[in-house]
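Listed below, chain by chain, are the residues.
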Amino acid sequence: MNNLTNYHSHCLYCDGVAPAEDFVKEAIAMGFSSYGISSHAPIPFESCWNMKQEKLTDYIVEINSLKEKYKNDIELYIGLEIDYLDKTYNPASSIFQTTPLDYRIGSVHFLKIGDEQFIDIDTSPEQFKITVETIFNGDIIKLVRHYFDTMVQMIETGGFDFIGHADKISMNALSYRQGITSEKWYNELIQDYFHFIAEKGCMVEINTKAWKKKRLFFPNRQHFSLLRKFNIPVVVNADTHHPSRINDGRIDALHALLSEGFTHVRQLVKGEWKDVIISI
Ligand SMILES: [Zn+2]
Ligand SMILES: [Zn+2]
């Protein structure tokens, strides 16, 4: 059993740049033991990266046919990255619980403002700055707290296998205000957050998508010690949209985990999440 795995992968059904089969072929060529496709699940309003509702059935059929086609080469799994929008639309919603999936990722990309409005916080730094200034009157702390409150609501609601990019807001918050993740209030918030995650027994992904370009993991590298302290199980994922990037950051993430005292990562083995020893 090696640690060559990735369960966070986008394809043409959402905002990935290649068909799902190209990712599977690349994973096989690189010797991956298992791989998961996890398109952005449909949401009830226009978005340029989520799957269209009417494509969901095709998605299930296509990934299942790939599973069958490559069953002798790789363990292939079908998932979805599901947005937590609010109490009525989230990974625990019956539409997603009744969809035949091997696993579900719970993620927050939108924050609910008032009764109707959703704002995208996983956007360009320029757009994020406009959001902070126009919707939050320049109060970045209020926005960051709103993000983590939404994450906490998602964790309370459940319905997912692991938490996607658990502190993704840090990327844009850091571009808005350098050093923000080292501020006292942020550290206190993060301590409480991971303590809560541990109490709920959730699995957290180490998201390596921004490692190559920005030297950022999600959760941030500076908080790996907290994950260890609270005994939170982790799964390393590339969150890739391009077949050539399925292995980006994985080795560096595993080294970082080892240096914090982690000995195992979670991987899917014959359909079940197992603790697999880190061997690099
Ligand atoms: Zn995401
Ligand atoms: Zn993603």
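How each quantity is defined
Residues numbered from 1 in each chain as written. Chains lettered and ligands numbered in written order. Predicted model: local features only at pLDDT ≥ 70, side-chain atom pairs only at ≥ 80, totals over all residues. Heavy atoms only, no water. UniProt positions renumbered as here; feature names shortened; annotations may be inferred. Helix = DSSP H or I, 4+ residues; strand = E, 2+ residues; numbered from the N terminus. Rg over C-alpha atoms; globule rule 2.2 N^0.38 Å. Buried < 20%, exposed > 50% of the residue type's maximum accessible area, 1.4 Å probe, protein only. Contact = heavy atoms within 4.5 Å. Areas by Shrake-Rupley, 256 points an atom, 1.4 Å probe, with all protein chains shown as cover. Lys, Arg positive; Asp, Glu negative; His and termini not counted. Charge placed at Lys NZ, Arg CZ, Asp CG, Glu CD. Axes fitted to C-alpha atoms, helices over the stretch in contact; angles between N-to-C directions. Parallel < 35°, antiparallel > 145°, perpendicular 65-115°, else oblique. Nonpolar A, V, L, I, M, F, W, Y, C, P; charged D, E, K, R; others polar. Patch = residues over 30% accessible without salt bridge, like charges linked within 9 Å, V, L, I, M, F, W, Y side chains within 5 Å. Salt bridge = Lys/Arg side-chain N within 4 Å of Asp/Glu carboxyl O. Donors = N, O, S within 2.8 Å, 3.2 Å for Na, K, Ca; no water. Tetrahedral: all angles 85-135°; square planar, octahedral: opposite > 155°, others 65-115°. Pairing = 2+ DSSP bridges. Disulfide = S-S within 2.5 Å.

The protein is annotated in an unreviewed UniProt entry as Histidinol-phosphatase from Coprobacter secundus subsp. similis. Per UniProt, the comment on the protein under Sequence similarities (unreviewed entry) is "Belongs to the PHP hydrolase family. HisK subfamily." According to the UniProt record, the Catalytic activity (unreviewed entry) comment for the protein is "L-histidinol phosphate + H2O = L-histidinol + phosphate".

Novice: What is the right way to read the overall build of the protein from this model?
Specialist: Summing up its helical and strand segments, the protein has 10 helices and 11 strands in all. Scaling as 2.2 N^0.38, a compact globule of 280 residues should have a C-alpha radius of gyration of about 19 Å, and the protein matches this with 18 Å. Along the first, second and third principal axes, the C-alpha atoms of the protein reach 55 × 45 × 35 Å. For the protein, the proportion of its 280 residues judged to be buried stands at 55%. Long-range contacts, defined here as pairs at least 24 residues apart, represent 71% of the contacts in the protein between residues at least 6 apart. A total of about 12100 Å² of accessible surface is found on the protein, and carbon and sulfur atoms cover 49% of it. Side-chain charges of the protein comprise 29 positive and 37 negative groups, with the mean position of each set lying 4 Å from the other.

Novice: What am I meant to see in the packing of helix α4 (residues 125–135) against helix α6 (residues 169–176) here?
Specialist: Helix-helix packing: each pair is described by the crossing angle between the helix axes and the interaxial distance. Running from N to C, α4 and α6 point in directions that differ by 80 degrees, and their axes come no closer than 10 Å. As far as their axial angle goes, α6 and α4 are roughly perpendicular. Across the interface between the two elements, Pro125, Phe128, Lys129, Val132 and Glu133 of α4 pack against Ile169, Asn172, Ala173, Ser175 and Tyr176 of α6. Looking at the contact of α4 with α6 residue by residue, the classes come out as 6 nonpolar, 2 polar and 2 charged.

Novice: Whenever I open this one, a nonpolar patch on the surface confuses me. Can you help?
Specialist: A surface patch of nonpolar side chains, amounting to about 230 Å² of accessible area, comprises Ile251, Leu258 and Ile280. Following the sequence through the fold, Ile280 ends up in the segment after β11 (272–277).

Novice: Mind showing me how you'd approach the coordination of the zinc ion (ligand 2) here?
Specialist: Between any two of four tetrahedral donors, the ideal angle at the metal is 109.5 degrees; between two of six octahedral donors, it is 90 or 180 degrees. Looking at the zinc ion (ligand 2), one finds its protein donor set to be His8 (NE2), His10 (NE2), Glu81 (OE) and Asp239 (OD), positioned 2.0 to 2.4 Å from the metal centre. For the zinc ion (ligand 2), the 4 donor atoms are set out with angles of 78 to 165 degrees between them, so the coordination reads as irregular. Linear spacing of the donor residues for the zinc ion (ligand 2) on their chain is H-x1-H-x70-E-x157-D.

Novice: Honestly, the pairing of strand β10 (residues 264–269) in this entry has me stumped. Any pointers?
Specialist: Put simply, side chains in a regular strand alternate between the two faces of the sheet. One ladder, built from 6 bridges, connects β10 with β11; its direction is antiparallel. Opposite Val265, over in β11, you have Val276 as the bridge partner. The turn linking β10 back onto β11 is made up of 2 residues, and Lys270 within it adopts a positive phi angle of 50 degrees.

Novice: Explain the state of the cysteines to me, please; I cannot follow it from the model alone.
Specialist: In protein structure, a disulfide is the covalent linkage between the sulfur atoms of two cysteines. Going through the model one piece at a time under the given rule, you end up with 0 disulfides. Here Cys11 is not disulfide-linked; the sulfur of Cys14 is the nearest cysteine sulfur, at 5.5 Å. Look at Cys11 and you get buried, because its relative accessible area is 1%. Cysteine Cys48 remains unbridged, with the sulfur of Cys14 as its closest cysteine sulfur at 11 Å.

Novice: Looking at this structure, I do not really get the sheet that holds strand β3 (residues 75–83). What am I missing?
Specialist: For sheets, the rule is that strands pair by backbone hydrogen bonds, running either parallel or antiparallel. Within the open sheet, the 7 strands sit side by side as β1-β2-β3-β4-β7-β8-β9. Their pairing is parallel. Sheet topology places β1 (5–6) and β9 (234–237) at the edges, where each strand pairs with a single neighbour. With 2 bridges connecting them, β1 and strand β2 (residues 34–40) associate as parallel partners. Within β2, the position partnered with Thr5 by the bridge is Ser34.

Novice: Would you mind going over the environment of Cys202 with me for this structure?
Specialist: Its location among the elements puts Cys202 in the loop between α7 (184–200) and β8 (203–207). By relative accessible area, Cys202 is classed as buried at 10%. Not counting chain neighbours up to four residues away, the residues in contact with Cys202 comprise Ile155, Phe160, Ile163, Ile197, Ile232 and Pro233.

Novice: What am I meant to see in the coordination of the zinc ion (ligand 1) here?
Specialist: For the zinc ion (ligand 1), the full set of protein donor atoms is Glu81 (OE), His109 (NE2) and His165 (NE2), and the range of their distances to it is 2.1 to 2.2 Å. Of note, the donors binding the zinc ion (ligand 1) are all from one chain and are spaced E-x27-H-x55-H. Between the zinc ion (ligand 1) and the zinc ion (ligand 2) the interatomic distance amounts to 3.3 Å, and Glu81 serves as a bridging ligand to the pair. Residue Glu81 is located in strand β3, and its partner His165 is located in the loop between β7 (162–163) and α6; the two are separated by 84 residues in the primary sequence. Assigned by exposure class, Glu81 and His165 land together as buried.

Novice: Can you walk me through the environment of Ser38 in this structure?
Specialist: Here Ser38 shows up in strand β2. Between the C-alpha atom of Ser38 and that of His8, which follows or precedes it by 30 residues, the distance is 5.5 Å. For Ser38, the residues in contact, after removing those within four places along its chain, are Tyr7, His8, Ser9, His10, Tyr59, Gly79, Leu80, Glu81, Tyr103 and Ile105.

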